[in-house]
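Commentary on secondary and tertiary structure
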Amino acid sequence: MLFGGHVRIIIFMKEKLCILEAVDQPRAAVWTELEQYADVVTVRDGECAYQLLCEREFDLVLVNLMLNGLDGLELLRRIKNRNLCKLVVLTSDFPDFQYAQQGILYGAFDYLLRPLTKEVLLNLILRAKERIYHIDYTYQKECAALVKAVGSPCIMECYDEIVSHIAQELGEDIQLDVTIRRLYQSVIQQIFSDMPWIGRFLYLEDYDAIDWMRMTDRTIVRGVCRRKLDTLSQRIAELHPQTGNDKLAEILLYILEHVDDGYRQKDIAAAHYISNTALSDLFRNELGQSYRDYVTGIKMRRAEYLLQHSDMKIYEISALLGYKDVNYFSRMFRQRYGIALSQFRHQNQLDYQI
């Protein structure tokens, strides 16, 4: 049975910050002394806090582990999964290292024992301000560097260098893994934002929705981020190979953005004011593969995505991708994946259920 309590949220206004505090009774006297740093809104339980966070923007949430509606860890999980607030602090009336470690690994800014005094809260607010600016500005260049390197062979070298640089600043403790997780999520979201066509081939949640709470060993975090970023980078390199030829880069982007249009080679050539022969030569000379092989690979990747993430019938996918003969489409898919279309869909549904 969870214990009841008030939840206090501090709204960000100019220099003021935003904290969510779960208390058994109001602590107005303490916050009155800190009015120059915070404006406070009080809600009754975890569900109310979550709804308010969905509707409004906050800087910092201070939440007790024991709440009605949603307990502190579940509220923390929802906040982090939906990126509702950058900084969340867990509080408790009793010391519990397991909860503290689990919460901080998942992304909590800190774990504090109550009662929370004026000095503790003031120190928290000042540290939160420093961290907000640190997250917003210090690691922007690291995020930009990783986004730029994605799709290139140097992505893992870039990642390792950045992790080493951050470790030198923060030290080898749990906060390092929290920071890396935040950086990873920022990179993934930026990639999907900068390259809208990716959403036709890759599912954001396959890379962004990771249940960090299940990772009992904090060192796993860095490995998961590295592995998933490498996988994403390889897939992007396959879909949009890097090239120094501006014309080819433009054509590749066009093909990816219009994959559902059932285009033919002559249509692509005409749209870019070159001949069919010139288009074929461009692919062979720059990418070392034929135009047909590249486009077939793109269409099969699109088919793979639709089989996994849509209810479209196989014949509908075939027609969408420009294959009038469903049997031919099926043969092309089996040739690439070694499995029939229907078996591929069924297998992925089973994997998802598991």
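Note that residues are indexed from 1 along each chain, following the sequence as it is written. Only residues with pLDDT of at least 70 are given local features in this predicted model, and only at 80 or more are side-chain atom pairs given and counted; all residues enter the totals for whole chains, interfaces and linings. Side-chain numbers here rest on the full set of heavy atoms in the structure, without hydrogens or water.

1. Here we look at the overall build of the protein
In plain terms, the rule: Going along the chain from the N terminus, every DSSP run of H or I of four or more residues is numbered as a helix, and every run of E of two or more is numbered as a strand. Here's how the labels work: a residue is buried when its accessible area is under 20% of the maximum for its type, exposed when over 50%, partly exposed in between, all with a 1.4 Å probe on protein chains only. Only heavy atoms matter for contacts: two residues are in contact if any of them lie within 4.5 Å across the pair.
Scanning the protein from terminus to terminus reveals 17 helices and six strands. Out of the 354 residues in the protein, the part that is buried amounts to 47%. A sequence separation of at least 24 residues applies to 63% of the contacts in the protein between residues at least 6 apart.

2. Thoughts on the pairing of strand β6 (residues 110-113)
Threshold: Note on pairing: DSSP must find at least two bridges between two strands before they are called paired. For crossovers, right-handed means that the path from the first strand over the helix to the second runs clockwise, given strands pointing away from the viewer.
Strand direction decides the pairing type here: strand β5 (residues 87-92) and β6, joined by four bridges, are parallel. Residue pairing across strands places Leu-90 opposite Tyr-111, the latter belonging to β6. In this region the chain leaves β5, passes through helix α4 (residues 97-106) and returns to the parallel neighbour β6; the handedness of that crossover is right-handed.

3. Considering the pattern of salt bridges
Pairs can form between side chains of opposite charge whenever their charged atoms are close. Applied cut-off: Throughout this description, the term salt bridge denotes a Lys or Arg side-chain nitrogen within 4 Å of a carboxyl oxygen of Asp or Glu.
A complete count under the given rule lists ten salt bridges for this structure. A salt bridge links Glu-33 to Lys-118; the nearest nitrogen and oxygen atoms lie 3.3 Å apart. Of this pair, Glu-33 sits in the loop between α1 (28-32) and β3 (39-43) while Lys-118 sits in helix α5 (residues 118-138), and the two are 85 residues apart along the sequence. Between Arg-78 and Glu-74 there is a salt bridge, with its nearest N and O atoms 3.2 Å apart. Taken together, the residues Arg-78 and Glu-74, both in helix α3 (residues 72-81) and four residues apart, mark about one turn of the helix. Several salt bridges share partner residues, and in doing so they unite Arg-235, Glu-238, Arg-301 and Glu-304 into one network.

4. Description of the environment of His-346
Residue position: His-346 is located in helix α17 (residues 341-353). Once the C-alpha coordinates of His-346 and Leu-307 are considered, the two residues, 39 residues apart in sequence, prove to be 9.1 Å apart.

5. Focus on unusual backbone geometry
With an omega of 10 degrees, the peptide bond between Arg-114 and Pro-115 qualifies as cis. Checked against the element boundaries, Pro-115 lands in the loop between β6 and α5. A positive phi angle is found at Tyr-273, which is not glycine, with a value near 60 degrees. Its place among the elements puts Tyr-273 in the loop between α12 (265-271) and α13 (276-287). We classify Tyr-273 as exposed; its relative accessible area is 77%.

6. Focus on the packing of aromatic side chains
Basically, it comes down to this: Between rings of Phe, Tyr and Trp, where Trp is taken as its six-membered ring, a pair exists when centres lie within 6.5 Å; planes separated by under 30 degrees are stacked, by over 60 edge-to-face, and by other angles tilted. Charge over a ring is defined by NZ of Lys or CZ of Arg lying within 6 Å of the ring centre and within 35 degrees of the ring normal.
The tally for this structure, following the rule as stated, stands at nine aromatic pairs. Pairing Phe-192 with Tyr-207 gives two aromatic rings, centres 6.4 Å apart and planes at 45 degrees, and the pair type is tilted. Taken together, the residues span a long stretch of sequence, with Phe-192 in helix α8 (residues 174-194) and Tyr-207 in helix α9 (residues 204-208) at a distance of 15 residues. Each member of the pair, Phe-192 together with Tyr-207, is buried. The structure contains a cluster of three or more aromatic residues connected by ring pairs, namely Phe-283, Tyr-291 and Tyr-294. Taking the ring centre of Tyr-50 as reference, the NZ or CZ of Arg-78 above it sits at 5.0 Å. The ring of Tyr-323 has Lys-299 sitting right over it, with the charged end atom 5.2 Å from the ring centre.

7. Some details on the packing of helix α2 (residues 46-55) against α3
The relative placement of two packed helices comes down to the angle between their axes together with the axis-to-axis distance. Convention followed: Axis definition: a line fitted to C-alpha atoms, over the contacting stretch in the case of helices. Angles run 0 to 180 degrees between N-to-C directions. Between 65 and 115 degrees an angle is taken as roughly perpendicular, under 35 as roughly parallel, over 145 as roughly antiparallel, and anywhere else as oblique. Ten residue types, Ala, Val, Leu, Ile, Met, Phe, Trp, Tyr, Cys and Pro, are classed as nonpolar, four, Asp, Glu, Lys and Arg, as charged, and the remainder, Gly among them, as polar.
Look at α2 against α3: their axes get within 10 Å of each other, and the N-to-C directions meet at 10 degrees. When the interaxial angle is binned, α2 and α3 end up roughly parallel. Contacts between α2 and α3 involve Gly-46, Glu-47, Ala-49, Tyr-50 and Leu-53 on the former and, on the latter, Leu-75, Arg-78 and Ile-79. The residue makeup of the contact of α2 with α3, split by class, is five nonpolar, one polar and two charged.

8. Let's talk about the sheet that holds β6
Two strands in a sheet stick together by hydrogen bonds in their backbones, pointing the same way (parallel) or opposite ways (antiparallel). Pairing within the open sheet is parallel, and its three strands lie in the order β4-β5-β6. This sheet does not close on itself; its edge strands, each paired only once, are β4 (60-64) and β6. Taken pair by pair, the neighbouring strands of this sheet meet at an average axis angle of 25 degrees, ignoring direction. As paired strands, β4 and β5 are joined by five bridges and run parallel to one another. Note that in β5 the partner of Val-61 across the bridge is Val-88.

9. Topic: the packing of α3 against α4
With their axes 10 Å apart at the nearest point, α3 and α4 run at an angle of 10 degrees to one another. Judged by the inter-axis angle, α3 sits roughly parallel to α4. Note on element contacts: α4 touches α3 through Tyr-99, Gln-102, Gly-103 and Tyr-106, opposite Leu-73, Leu-76, Arg-77, Lys-80 and Asn-81. Looking at the contact of α3 with α4, its residues break down into four nonpolar, three polar and two charged.

10. Brief notes about the confidence of the model for the protein
Selection criterion: Looking at any residue, its pLDDT shows the predictor's confidence there, from 0 to 100.
Looking at the protein as a whole, the pLDDT averages 83, with 86% of positions reaching at least 70. Note on residues 1-14: pLDDT is under 50 here. Beyond four places in sequence and across chains, it has 73 contacts. pLDDT under 50 marks residues 350-354. Its contacts with residues more than four places away, or in other chains, come to zero contacts.

11. A few points about the nonpolar core
Let me state the cut-off plainly: In this description, a nonpolar core means a group of buried Ala, Val, Leu, Ile, Met, Phe, Trp, Tyr and Cys residues linked to one another through side-chain atoms lying within 4.5 Å.
Ranked by size, the top nonpolar core spans 65 residues in total, and within it Leu-146, Ile-191, Leu-229, Ile-255, Phe-283 and Ile-298 carry the most contacts. A per-element tally of this core places helix α14 (residues 291-309) first, with nine residues. For Phe-283, the residues in contact, after removing those within four places along its chain, are Leu-248, Ile-251, Leu-252, Ile-255, Gly-288, Gln-289, Ser-290, Tyr-291 and Tyr-294. Listed in part, the 27 residues of the second largest apolar core include Leu-53, Val-61, Ile-79 and Val-88.

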